[in-house]
Amino acid sequence: MKTLIVYWSKTGFVKKYAKWLAEELEADIISGEEITEDKLKEYDGYIFGGSLYAVGINGADFIKENIKHLEAKKTAVFATGASPAKKEIIEEVKNKNFSPEEQKCFKFFYLRGGFDYSKLGFKDKVLMSIMKWKLNSKKKKGEEMTAEEKGMLAAFDNPVDFTDKENIEEIISYFKE
Ligand SMILES: Cc1cc2nc3c(=O)[nH]c(=O)nc-3n(C[C@H](O)[C@H](O)[C@H](O)COP(=O)(O)O)c2cc1C
């Protein structure tokens, strides 16, 4: 099967998973900035991967616009965020980004990424600084913080990387079925 991997990555976590998948499946790989509808038509299977920004998946618009090409082909979509791979989070992400009809055209996966503040662009740095300020004021007031909020606050000073090659196994098995 001729498979294409398309990725949308701002700081490199999704790109890392995309490269691992391309190696394992001997698939072609292309970034979301370069992909075109014509290019899609050359393949029999697709894997689309995008990172999470306020629950929205980078690249979801392209996937939705081209949903008609996905229907008859083997397709996986994966999202990558800093959050742990919890069932509720994965369901929320899937349902906020895709309608039930769209979800029938692909299998959805979540591959945990990481967080690297230093590699963010200006706009994302501003957004994250607001979040950091909110978390810090919560901490100062002595309010209860979740483990995820504590982890997020610590990640501003030291980048965290939860990527793991084992995480791609589910997608590999799906493509080898
Ligand atoms: C502005 C902003 C919003 C984010 N929102 C989420 C989110 O809603 N859920 C999540 O799990 N991670 C969130 N993240 C973390 C990124 O999804 C995470 O760092 C991801 O690994 C980035 O992958 P990339 O480098 O391939 O773009 C956010 C990061 C930024 C900068």
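Residues numbered from 1 in each chain as written. Predicted model: local features only at pLDDT ≥ 70, side-chain atom pairs only at ≥ 80, totals over all residues. Heavy atoms only, no water.

**Digging into the site of the ligand**
Within the structure, the ligand sits among 23 residues, and S9, T11, L52, S83 and G114 are positioned closest to it. Contacts to the ligand include S9, whose side-chain N or O atom sits 2.6 Å from an oxygen atom. Backbone polar atom of A82 to an oxygen atom of the ligand: 3.1 Å apart, as the coordinates give it. Contact with the protein chains hides 90% of the accessible area of the ligand, taken as 650 Å² for the molecule alone. Judged by the fraction of its atoms near the pocket grid, the ligand is located in the largest pocket. Mapped by element, the contributors of at least two residues to the shell around the ligand are α1 (13-25), β3 (45-53), β7 (114-115) and α7 (122-140). (Near = heavy atom within 4 Å. Polar contact = N/O pair within 3.5 Å; in protein donor to acceptor, adjacent residues only side chain to side chain. Areas by Shrake-Rupley, 256 points an atom, 1.4 Å probe, with all protein chains shown as cover. 1 Å grid on protein atoms, 1.4 Å probe; cavity = no way out; pocket = protein on both sides within 12 Å on 5 of 7 lines; lining within 4 Å. Sits in = over half its atoms within 2 Å of the grid points. Helix = DSSP H or I, 4+ residues; strand = E, 2+ residues; numbered from the N terminus.)

**Re the UniProt feature "domain: Flavodoxin-like" (unreviewed entry) in the protein**
Those residues carrying the UniProt feature "domain: Flavodoxin-like" (unreviewed entry) are residues 3-177 in this numbering. Split by type, residues 3-177 is 45% helix and 21% strand. Its first and last C-alpha atoms lie 14 Å apart. (UniProt positions renumbered as here; feature names shortened; annotations may be inferred.)

**Regarding the domain arrangement of the protein**
Taken as a whole, the protein is organised into domain 1 (3-114 + 160-176) and domain 2 (118-155). For domain 1 and domain 2, the distance between their C-alpha centroids amounts to 27 Å. Each side of the interface is counted separately: domain 1 has six residues, and domain 2 has five residues. Among the residues of domain 1 in contact with domain 2, K10, T11 and V160 are the three that bury the most area, contributing 62% of the side total. Put simply, domain 1 and domain 2 have two salt bridges between them. Across the salt bridge formed by K86 and E148, the nearest N and O atoms sit 2.9 Å from each other. Here the residues of the side of domain 1 that touches domain 2 sort into three nonpolar, one polar and two charged. (Domains from an automatic or database assignment. Contact = heavy atoms within 4.5 Å. Buried area = accessible area lost by both parts, 1.4 Å probe. Salt bridge = Lys/Arg side-chain N within 4 Å of Asp/Glu carboxyl O. Nonpolar A, V, L, I, M, F, W, Y, C, P; charged D, E, K, R; others polar.)

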